[in-house]
Amino acid sequence: MERTTLRRIRQRKAENKIYLCAPVNALVEGIYEQNIPLAEIKKHGDLGLGTFNDLDGEMMMVDGEIFRVGSDGKVNQVTDESIRTPFACAVKFEPATNEALNEELSYNEFLKWMIDLMPSPNIFYAFRITGDFTYVKTRSVPKQENYRPLVEVAKEQPTFEFNRVHGQMVGFYTPAFMASLNVPGVHLHFLTDDKSSGGHLLECRPRHIKLELQYLYTLELSLPSSLDFLTWDFQRDIGQDLDKAEK
Ligand SMILES: [Zn+2]
C-alpha cells in the first residue's frame, strides 16, 4: 500500500461509523417487521439504504431525505418518520476522497474499478456515485408476509432497465467476514436524477461518473427486541441465500 494511502486510511475519525438497525441475517430469514422508525435511522446518518416493514420497497437516503422505490419501480419521498423498517444502514457521509471515471465500463469492469479504489478489503466503505450511465438495471421487492425467506421473494422480483440515464447511487462495501451483519461486497441503490425511479442495483454501465468514498472503521449494530428476533434460531448459513437475493 502506498504511503499516502496508508496515511489517509489511518486518519480515523469517530464519525466514520456505519450504523445497522438490525443484522441482515434476520431479513434473509424472512423477518420483515422490526418496527424501527425511520426517525431512528435518520439520527445515525444522512446517507443510507435498506427496506421498509413488510419488505414494502427499496429504501435509500440521500442528503438526509428518504426515498422509497415501490415494486412498480416508481419513487416517492418518505417524509413520515414514524414509518418503520426491519433493516437499514446509514452513515454521516463525509467522503475522504473522490474519483472521476470518464470512459464506459462494463459492470464487471466497474466493480473492479471500485474495488481498486478501496485500499483494504477489511474495512467498510460508503459511496455516493453521481453521473451518466449508458445502462442501469435495478429491482425492487413486492410487499411480503413474514417468514418467507428473502431468496424466495427475490425469485419474483420486478426488474427495471434504464438506457442513457442520469442519476445517483448510494451504498456500502462490507467485508466478507461480516456477511451475517450486512450484505457483503458492494451494495448500491440507484435513483434517477428526476427522482422518479430507481431501485436496488443489479447491473450498470457507467459512462461519466464521480465517485465519493468514505472509509468506515466502526460498526454500530443495534439488535432488535422483537419476539421474532429474540427467539429465532440463527444457526443456518445464509451466505448462499444472500448471494442469490442481492446480486
Ligand atoms: Zn438493496
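Anyway, here's the lowdown on the structure attached to this text. All figures in this text were calculated on a predicted structure; none of them were measured in a lab. (Residues numbered from 1 in each chain as written. Predicted model: local features only at pLDDT ≥ 70, side-chain atom pairs only at ≥ 80, totals over all residues. Heavy atoms only, no water.)

## Some words on the coordination of the zinc ion
Logical step 1: Distances from the zinc ion to its protein donors, His187 (NE2), His189 (NE2) and His200 (ND1), fall at 2.0 to 2.1 Å.
Logical step 2: All donor residues of the zinc ion come from one chain, and their arrangement in sequence is H-x1-H-x10-H. Of the two residues, histidine 189 is situated in strand β12 (residues 185–192) and histidine 200 in strand β13 (residues 198–216); the sequence distance between them amounts to 11 residues. (Donors = N, O, S within 2.8 Å, 3.2 Å for Na, K, Ca; no water. Helix = DSSP H or I, 4+ residues; strand = E, 2+ residues; numbered from the N terminus.)

## Some remarks on the state of the cysteines
Logical step 1: Counted according to the given criterion, the structure contains 0 disulfides.
Logical step 2: Cysteine 21 takes part in no disulfide bond, and the closest cysteine sulfur to it belongs to cysteine 89, at a distance of 8.4 Å.
Logical step 3: With no disulfide of its own, cysteine 204 lies closest to cysteine 89 among cysteine sulfurs, the gap being 18 Å.
Logical step 4: Overall, the relative accessible area of 1% leaves cysteine 204 in the buried class. (Disulfide = S-S within 2.5 Å. Buried < 20%, exposed > 50% of the residue type's maximum accessible area, 1.4 Å probe, protein only.)

## Quick word on the sheet that holds strand β14 (residues 218–221)
Logical step 1: With mixed pairing, 7 strands are arranged side by side in an open sheet as β6-β5-β4-β3-β8-β1-β14. Each of the sheet's edge strands pairs with one partner strand only, and the pair in question is β6 (75–78) and β14. Neighbour-to-neighbour, the strand axes of this sheet turn through a mean angle of 20°, independent of strand direction.
Logical step 2: Pairing geometry for strand β3 (residues 47–51) and strand β4 (residues 58–62), over 4 bridges, is antiparallel. From the neighbouring strand, leucine 49 faces β4, where its bridge partner is methionine 60. (Pairing = 2+ DSSP bridges. Axes fitted to C-alpha atoms, helices over the stretch in contact; angles between N-to-C directions.)

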